[in-house]
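# Chains, contacts and geometry: an overview
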Amino acid sequence: MSWYDALEAGELTVRPSVDAAKRFGVSIDRMSVSASAGTPLAEVLGAVERSTADVIVLRYPARETTWFAALAAGPRQALLADTVVYWSLPTGKGRRPAPLAGFSTRLEPTADDDLVDDLVADVFGDSGNHYCSNPIFDRTLALAGRQDWARRRIAEAGAVVLRGPDRRVLALAAIDQQRSWTEIQLAGVVPAEQGRGRYGHLLAAIEDACTSRRLVVSTQGHQTGIQRIWARYGFEPVHNLLTVHLVAAT
């Protein structure tokens, strides 16, 4: 869920998830309540009642601690799918590592599809995403969907790439540049280079490519390792939300 949808959208948003529906073979509605919306529970319950989708993927601020019980009391089965934590850094304030001799970083227009697939599988293969919490959805298809999205996103906007002295790709990131923020949508280090401090250099490269006043990023709440790296670099947590799947009775 994007930074805008999670924190700045001014109202409850509801839209069909066409690509995911084709992938999994069930109809899916995405509903989201941003931190700034002030949407009452009654409005959410009304939208849930009107939906005819097989599955509703609902995301809402974690501060709404009473909502899950109300959702679970309705006619749909309610599954707690995951939590997402959002972090923010003022551009130029990151605690950058010392430069590495012979290493280079830049925003490149393309990236090898196989490399992207391997990186996404390494980053997300074990942890999965919210689809993996629901037995309706096949875990392999969920990963394939993430890989397909990453390839398309990089084809559209390029990738920030960290290369070693031999020009091999060591790490890459997909970003979304907006006027007020730049969002890190995907970032990872190739398996052979993990544990060698490369991620900090990738963050520095992203910060260099950032054209806005703020750099933002999100991850699942249980991904504590990457959040420790963000904290060391200077990011601060600013918001978290819950993902709930509401499954229609069969």
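Since we're looking at a predicted model, the values are computed, not measured. (Residues numbered from 1 in each chain as written. Predicted model: local features only at pLDDT ≥ 70, side-chain atom pairs only at ≥ 80, totals over all residues. Heavy atoms only, no water.)

Here strand β8 (residues 182-189) lies mainly inside the structure; seven of its eight residues are buried. As paired strands, strand β7 (residues 169-177) and β8 are joined by seven bridges and run antiparallel to one another. For Asp-176, the partnering residue across the bridge sits in β8 and is Glu-183. The hairpin turn running from β7 into β8, its antiparallel successor, is four residues long. (Buried < 20%, exposed > 50% of the residue type's maximum accessible area, 1.4 Å probe, protein only. Helix = DSSP H or I, 4+ residues; strand = E, 2+ residues; numbered from the N terminus. Pairing = 2+ DSSP bridges.)

Take Arg-59: it is sitting in strand β3 (residues 55-61). Buried charge without a salt bridge: Arg-59, with Asp-82 as the nearest opposite-charge side chain at an N-O distance of 4.1 Å. One polar contact links Arg-59 to Thr-243, side chain to side chain, over a distance of 2.7 Å. (Lys, Arg positive; Asp, Glu negative; His and termini not counted. Salt bridge = Lys/Arg side-chain N within 4 Å of Asp/Glu carboxyl O. Polar contact = N/O pair within 3.5 Å; in protein donor to acceptor, adjacent residues only side chain to side chain.)

All right, on to the pattern of salt bridges then. Pairs can form between side chains of opposite charge whenever their charged atoms are close. Under the criterion given, the structure shown has 16 salt bridges. Glu-207 is the salt-bridge partner of Arg-96, the closest N and O atoms lying 3.8 Å from each other. A residue pair is termed long-range when its members are at least 10 positions apart, and Arg-96 in the loop between β4 (77-90) and β5 (104-108) and Glu-207 in helix α7 (residues 198-209) qualify at 111 residues. Looking at Arg-96, the relative accessible area reads 42%, which means it is partly exposed.

Next up on the list: the packing of α7 against helix α8 (residues 224-233). Geometry of a packed helix pair, given as the angle between the helix axes and the separation of the axes. Running from N to C, α7 and α8 point in directions that differ by 55°, and their axes come no closer than 11 Å. With respect to their mutual orientation, α7 and α8 come out oblique. Crossing of α7 against α8: the hand is right-handed. Listed contacts from α8 to Tyr-199, Gly-200, Leu-203, Ala-204 and Glu-207 of α7 are Ile-226, Ile-229, Trp-230 and Tyr-233. (Axes fitted to C-alpha atoms, helices over the stretch in contact; angles between N-to-C directions. Parallel < 35°, antiparallel > 145°, perpendicular 65-115°, else oblique. Left-handed = near helix turned anticlockwise from the far one by under 90°. Contact = heavy atoms within 4.5 Å.)

With 19 residues, helix α6 (residues 139-157) should reach 27 Å at 1.5 Å per residue; the first-to-last C-alpha distance of 27 Å fits that figure. The inward-facing, buried residues of α6 abut α2 (18-24), α5 (113-124), β6 (159-163), β7 and β8. N-capping of α6 is provided by Asp-138, with a side-chain oxygen placed 2.9 Å from the backbone N of Thr-140. (Expected span 1.5 Å × (residues − 1).)

Of note, Pro-16 is situated in strand β1 (residues 13-16). It is 17 Å that separates the C-alpha atoms of Pro-16 and Ala-6, two residues lying 10 residues apart in sequence. Those residues in contact with Pro-16 that lie beyond four places of it in its chain are Ile-28 and Asp-29.

The subject of this paragraph is the side chain of Thr-39. As for its placement among the helices and strands, Thr-39 is situated in the loop between β2 (28-32) and α3 (41-50). Once residues lying within four places of it in the same chain are set aside, the contact partners of Thr-39 are Glu-11, Leu-12, Val-33, Val-44 and Trp-67.

Among the nonpolar cores identified, the biggest contains 25 residues, and Val-160, Ile-184, Leu-203, Ile-206 and Phe-235 are the most heavily contacted of them. Only β4, β6, β7, β8, α7, β9 (214-220) and α8 provide two or more residues apiece to this core. Top element by residues in this core is α7. It accounts for seven residues. If we skip the residues at most four places from it in the chain, Phe-235 touches Trp-87, Ser-88, Leu-89, Ile-184, Leu-203, Leu-215, Val-217 and Trp-230. Within the second largest apolar cluster, 17 residues are counted, among which are Ala-37, Leu-58, Trp-67 and Leu-242. (Core = buried A, V, L, I, M, F, W, Y, C linked by side-chain atoms within 4.5 Å.)

Read these as layout, nothing more, since geometry by itself doesn't imply function.
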